[in-house]
Every structure is written in C-alpha cells, then in structure tokens.
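Listed here are the chains, written in short residue letters.
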Amino acid sequence: MDVLSFGLMPLANNYLDPALSYDDEPRFPLEVIVCRGCWLMSLRHVVDPEALYRHYVYISSDSRMIIRHMHQLAALIVQRFSVPAGSLVVELGSNVGTQLEVFRDAGMRVLGVDPARNLADIASRKGIETLPDFFAADLAVRVANQYGRPRVIIGRHVFAHIDDLCDVIEGIKASLDRTGIFAVEVPYVLDLIDANQFDTIYHEHLSYFSVGTLVRLFERHGLRVVDAERFAVHGGSILVFVGLQEGAWEVRPAVAELLALEKRTGLTTEAYYRRFADRVERTRRSLQELVRRVVDEGKCVACYGAPAKGNTLLNACGLGSRELVFASDTTEFKQGKVLPGTHLPIYPPAYAKEHQPDYFLLLAWNYAKEIIEKELEYLKAGGQFIVPIPEPVVVSEESVVDGQFILSTRLETGGQLLAMGHKGLVQFSEGEIQGVVFRPLAVHRDSRGGLAELFRFDELPLEWHPKMATASWTEPGVVRGPHEHIGQTNLLMFLGPQRFLLILWDNRPTSLTYRHMLRRVVGGDQPVSVLLPAGIVHAYQNLAEEPALSLNFPNQLFRGRQRRAEDEAIRHEQDDASPFKLPAV
C-alpha cells in the first residue's frame, strides 16, 4: 500500500562543498509503502549503501539528553541481563565509539563495527577498536573466532538503515553467546506517526519498525524478542532485546503489552496510514505558508541546526534560498558545506550569533527544550523560533518561564493546541471527546433552597455504577490534577454556585477523538454532572474567590478493597515534563 511520495530527493547526509552549479547532485525517489501482511513501513527504493556510508558525516550527538540516554541504556542492559565485567560488547554502526566508551568505562571489552572509514579512524584514535566494515554473517564469524562470542551485541539507530537484514541477523545468531542479548534500538513507528515526524524519513532509513514487525522478523530466524522498552530520545524510540531461541532469557510481559497497544492503536489497519499521509500533506503546506508569510513581511529566517532530517523537511516543504539565509550547526564536518537540495550555507554558531535572524526554523526540533532554554538571550532580544513538528508553531520569550521552556495549551496555532512532553511537542486539537457526557442537573427550588438528583442507577450503564463517593473543597485559584485513571470511570459533580474551569484531554489511542482537548466552565447557576471514562486526563481549577465544592462518584474503590492495592491513577501533576497543562487564568 502506498503511504507517502516526496518525489526525487537529495541524500539527506550528502552535505556538499560550495560550487557554482549543483546540476550533478544525485537525487533518488523517496516513496513510503506499508506491507498489508506484516505492516512493516519501508521505502520503495534502496540506494547503494556504498554511496551512503563509506564516508559519513553524521557523528553521534553530544547532547546532554543523548549522553544520559547512552548511560541509561548501558546500565539497563548490564543490570537486567546480568552482564559480568570483562564481557565482550560489539556495536553495529558504532560511529565514533561514544556508546562503547560507556560500556568500556563499565568494565567491558568493546569492539565497534562501522563501514564509515573516517568515523572508524576517529573511534580507533580514541581507543575504541573499530572494524571499518559492514556487519554481516561472515564478519560475525570472524569476530567470534578472534575476539570470542559477544555477550552483548548492540545496534542503536542503525538496524533500520540495513537492506539485507537476513544476513545481519544470521551473523548475530551465529556469534551471540548463549546467555547473550542483541539490543536493537530503532525509531518507533508508532511515535513517528503519532507525532507526525515525517522529516525522519530519508534514504538511509529503509524500515520503520513496530514491535510486531520485529517479533515476526526475528522469529523467522530462530530468535525471539524477550523484552522491550520505550524511550523519548530521537522523537520516540523502541529498544528491543533479542535472545537465542534456546537461550537463557524468558519473554517478559512488556512484549505482549506493546503488541496489544499496537493493535488498539490501529497500526495494523490501512486507515491508520491514510490519516498519517493526510496530516503530512497539511503540515507541508502550513509550514511553507508560515515561512513565506514571515519572509514577505520583510523578516529574516535562518535554520537552527543542520540535521539530516532537516533536509527532508526543507525539500519536502519546498523551502530553500528564497526563504532562508543560512543554517547554523555545531558539527565541524558540516561547517563550510551547503545543505543538500537547498544549498544553504552552513556556518558555526558564532556566525549565527553575529548575524541573528528574526526567526530560527528549528530543524533540530527533537532538542527543542534544550535549545530554547539555552537561547534565552536571543528570545529576550526579540528573536523567535519556528518549531515545525508535529505542527508549525512560533515560540517567543513568553514560552520560557523561570528558565524553563513551557509550551502550554494556551498557545494556539491554527486551532491546534500544543505542549511540551517527554517526546517533544505533543499536539492536541480542540473538540468534543468520545464517551464524555455532560448532563445538566435538574434543580427543584423552593423557599427552603433546592434539591437536585445527582445520579440514578437506571440512567447509568451497570459498569459505571459508583462504588464510592468523595467530596473535595478546593481553595480559590487552586488546580486539582491533571491526572488520569487506567481503569476507573469518574462521575464528577459541580453543583455551584462557584465555578470551575474543567479541562479534559483524550489520551486513549483507540478513541475516535484521540488527542482532542476540551475546555469548559462548569458550576455556577447550573449544576452539572460529567461522566469521564478511563483514559481521559482531567484537571479543574477553582475560579471563585472562596473555597468551592465538587463531588466524585467513581466506579472503583480507591486502592481496592481495604485499600490493599496500588493507586492506579497516573498523576501528571507530579511530572514537570507532562504535556497536560492548565492555562493561566
């Protein structure tokens, strides 16, 4: 099934020397398809890997977030799979050896394999022995014979670059120790589509994996996925642990849980990919229109960062030297070059500081929080950022509070509501939410006061009948939440006369209104009940100048019978990076 077509595109990492003409710049079709049998999303056309990887300019990021992730990943593997000191760790696509340095410092023997000779030389000079070659079955056998069987083989964001995975997997199977583990980290297709990260699609990224496709792939080769973890890095990644069929490791529950999530989300349906294609097209148009409008107003726009994915974004959206003046990047290999396709010059950050534009188009959007907090002086001077993914949004000084980047739900763009979460920008659309029922309560008034029926058993489905009741007094201006319940339905009552601002976020991937957000003022002169199914994130704020009363009738007991169970609520109010924020009032 066809998903996307960007036409002929330059190679995303083919940074060029400045020239009078770029007529001979190679371009290749960039088209995305999905298999209706296994639901693997992939590219239709494959570029010769010799052209892509023998001289490679991407160097592992030195971002604090990525370095921290590398340490977390190493600790996770060593602890979860009881890897003793002195074990051999082999990394595929090891780049300049940054990840292997972490394992080496943890007491492991390390060996890198990377076809980019320039990067292998850098790693070897750092003391990380690196074989300048493609990992394949014959190389794997040579490694086992010369260095011993590896206890850990790791591939971080390299597996999706390989066309002949069968040869690689057979090499892993032939060389891995019986108690060993293959840890493969790839961009998670669920996150890619959910967050509209179409710019991460380029010729090097041949495959876009789900847990389901990886399980099928490894089963075909007599291996099994024994565990999986999701991470926020690179816009959302999945780390899958693979062992020998007769190996030492049992399959952990996380594998089945993620397979169930993929099914609930609709990842194995054609409609899921059609919706993605429609959203990509809307974003391409809106970003182009936004940048061109700013330029037509006489403003100057430059690119912050020159990552490979930024080249997909610019070329796919038809943005180039007409709209943009330069790109700035910290990678020395790229400085002095020009971007592929658009041919914008790449300068070091010092140049950008001396020639500050009115707007920076943030191509490295996955580091938005880190970058924007670092560039506070630029924002204070009146500069602004355009963050393009998941939907274009303009960020100014107002979004940095006490040095922290907070893109709250009160910042609206084209009817969309966005927030900063663990995976970067998360989008919410204003609209009704499936399953949420607002019911005005009939009030019978007389000289004594009034009476209202709160609920009746014959008006509620059996599964929503309350099991307990709570009353909350909320001080003026105070917010309760946001939080959600995994399995509990709530029947909230706002009786007045005080008013509350109620905000709901649909956080259920299977809902028809997933990622909708609803705001409503409740209480006052009209008492109301609100039925909230499980998975609806909710928060409310007292708008009155005195304490206000609200009631709740949940269909489950808090912490179960005799309070012996764990609290099943997810309390987003305790998470500073949560995308669920109330607007300032």
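Residues numbered from 1 in each chain as written. Predicted model: local features only at pLDDT ≥ 70, side-chain atom pairs only at ≥ 80, totals over all residues. Heavy atoms only, no water.

### Thoughts on the overall build of the protein chain
Formally: Here a strand is any run of E in DSSP of at least two residues, a helix any run of H or I of at least four, and the numbering for each starts at the N terminus. We take the radius of gyration over the C-alpha atoms and set the globule estimate at 2.2 Å times the residue count to the 0.38 power. Exposed residues in this analysis have more than 50% of their type's maximum accessible area, buried residues have under 20%, and partly exposed residues fall in between, with area computed by a 1.4 Å probe over protein chains only. Note on definitions: a residue-residue contact is assigned when non-hydrogen atoms from the two residues lie within 4.5 Å. For the accessible areas, the method is Shrake-Rupley and the probe is 1.4 Å, while residue cover comes only from the protein chains on display. His is not counted, nor are the chain ends; Lys and Arg add positive charge and Asp and Glu add negative charge. For charged residues, the charge sits on one atom: NZ in Lys, CZ in Arg, CG in Asp, CD in Glu.
What the protein chain contains, in helices and strands, is 14 helices and 34 strands. For 585 residues, the compact-globule estimate of 2.2 N^0.38 gives 25 Å, and the C-alpha radius of gyration of the protein chain, at 27 Å, lies within 12% of that figure. On the principal axes, the C-alpha backbone points of the protein chain span a range of 90 × 65 × 45 Å. Residue burial in the protein chain is summarised as follows: out of 585 residues, 55% are buried. For the protein chain, the share of sequence-separated contacts (at least 6 apart) that also reach a separation of at least 24 residues comes to 72%. Here the protein chain has roughly 25,700 Å² of accessible surface; of this, 50% comes from carbon and sulfur atoms. Of the charged side chains in the protein chain, 61 are positive and 73 negative; the average position of the first set lies 5 Å away from that of the second.

### Examining empty space enclosed by the protein
Applied cut-off: Every definition here rests on a 1 Å grid over the protein atoms only: cavities are sets of points where a 1.4 Å probe fits but cannot get out, pockets are open sets enclosed by protein on both sides within 12 Å along at least five of seven lines, and lining residues have some atom within 4 Å of a point. Grid points are joined across faces, edges and corners, and a volume is the space filled by probe spheres set on the points.
By the definition in use, this model includes one cavity of 30 Å³ or more. In this model, the largest cavity occupies a volume close to 30 Å³. Lining the largest cavity, in full, are M9, P10, A12, Y202, N311, T312 and N315. Elements with a contribution of two residues or more to the lining of the largest cavity: β1 (2–10) and α11 (308–316). Per element, the largest residue contribution to the lining of the largest cavity is three residues, and it comes from α11.

### Here we look at the packing of aromatic side chains
Heads up, the rule is: Whether two aromatic rings pair depends on their centres lying within 6.5 Å, for rings of Phe, Tyr and Trp, where Trp uses its six-membered ring; planes under 30 degrees apart make the pair stacked, over 60 edge-to-face, and the rest tilted. Each ring is checked for a lysine NZ or an arginine CZ that lies within 6 Å of its centre and within 35 degrees of its normal; such an atom marks a charge sitting over the ring.
For the coordinates displayed, the defined rule picks out 22 aromatic pairs. Both rings, one in Y347 and one in Y351, keep their centres 3.8 Å apart while their planes meet at 25°; by these two values the pair is stacked. Through a chain of ring-to-ring contacts, the aromatic side chains of F159, F182, F209 and F218 assemble into a single cluster. The ring of W365 has K309 lying over it, and the distance from NZ or CZ to the ring centre is 3.9 Å. Taking NZ or CZ as reference, R520 lies 4.1 Å from the ring centre of F438, over its face.

### Let's talk about the pattern of salt bridges
Filter applied, for reference: Any Lys or Arg side-chain nitrogen found within 4 Å of a carboxyl oxygen on Asp or Glu counts as a salt bridge.
With the rule as written, the count across this model stands at 22 salt bridges. One salt bridge connects D227 with R80, and the closest N-O pair in it is separated by 2.6 Å. With D227 in strand β10 (residues 223–231) and R80 in helix α2 (residues 64–80), this pair connects stretches of sequence that are 147 residues apart. Between D506 and R508 there is a salt bridge, and its shortest N-O distance comes to 2.8 Å. On the accessibility criterion, D506 (0% relative accessible area) is buried. Note on R508: relative accessible area 16%, which makes it buried.

### Focus: unusual backbone geometry
In this model, I389 is joined to P390 through a cis peptide bond whose omega is 10°. Note on placement: P390 falls in the loop between β16 (384–387) and β17 (393–395). P497 follows G496 through a cis peptide bond whose omega is 0°. With respect to the element layout, P497 can be found in the loop between β28 (490–494) and β29 (499–506).

### Things to note about the sheet that holds strand β15 (residues 359–362)
Definition in use: Two strands pair if DSSP finds at least two bridges between them.
Across the sheet, six strands lie side by side as β14-β13-β12-β15-β16-β17; this open sheet has mixed pairing. The open sheet has two free edges, formed respectively by β14 (346–347) and β17, since each of these has just one partner strand. Bridge count for β16 against β17 is three bridges, and the pairing is antiparallel. From the neighbouring strand, F385 faces β17, where its bridge partner is V395.

### Digging into helix α10 (residues 270–296)
Note that an α-helix has 3.6 residues per turn; residues three or four places apart therefore point the same way. Put simply, the test is: By this rule, a helix spans an expected 1.5 Å times one less than how many residues it contains.
Compared with the 39 Å implied by 1.5 Å per residue over 27 residues, the 40 Å span of α10 between its first and last C-alpha is a close match. Just past α10, the residue G298 takes up positive phi, approximately 90°.

### Side note on the nonpolar core
Put simply, the rule is: For this analysis, a nonpolar core means a set of buried residues of the types Ala, Val, Leu, Ile, Met, Phe, Trp, Tyr and Cys, connected via side-chain atoms within 4.5 Å.
One finds M41, I77, F159, F218, Y273, F276 and F385 to be the most contacted residues of the largest nonpolar core, which totals 138 residues. Those residues within four positions of Y273 in sequence are excluded, and the remaining contacts are M1, V3, V34, W39, M41, I193 and L267.

### A short note on the environment of P533
Looking at the element boundaries, P533 is found in the loop between β31 (528–532) and β32 (536–542). In this structure P533 comes out as buried when scored by relative accessible area, which is 12%. Taking the C-alpha atoms as reference points, P533 and R571, separated by 38 residues in sequence, lie 16 Å from one another. Setting aside chain neighbours within four positions, we find P533 in contact with G435, V436, Q488, T489 and R508.

### Some words on helix α6 (residues 165–175)
Formally: Throughout, the arc means the angular range of directions from the helix axis out to the C-beta atoms.
For α6, every residue scored as buried is listed here: L165, V168, I169, G171, I172 and S175. The arc that holds every buried residue of α6, seen down its axis, measures 155°, which confines them to one face. Residues of α6 that are buried sit in contact with β4 (88–92), α5 (137–147), β7 (152–156), β8 (181–187), α8 (211–220) and β10.

### Details of the packing of α5 against α6
So the rule is basically this: Lines are fitted to the C-alpha atoms to define the axes, a helix being fitted only along its stretch in contact, and any angle between axes, read from their N-to-C directions, falls within 0 to 180 degrees. Roughly parallel covers angles under 35 degrees, roughly antiparallel covers those over 145, roughly perpendicular covers 65 to 115, and oblique covers all other angles. Handedness of a crossing follows from how the near helix is turned relative to the far one, being left-handed for an anticlockwise turn of less than a right angle and right-handed for a clockwise one. Gly falls in the polar group here, along with every residue not listed as nonpolar (Ala, Val, Leu, Ile, Met, Phe, Trp, Tyr, Cys, Pro) or charged (Asp, Glu, Lys, Arg).
The N-to-C vectors of α5 and α6 enclose an angle of 20°; their axes lie 7 Å apart at closest approach. In terms of their interaxial angle, α5 and α6 are classed as roughly parallel. Relative to α6, the crossing made by α5 is right-handed. Between α5 and α6, the contacting residues are A137, A140 and A144 on the first element and D167, G171 and S175 on the second. Residues belonging to the contact of α5 with α6 are distributed by class as follows: three nonpolar, two polar and one charged.

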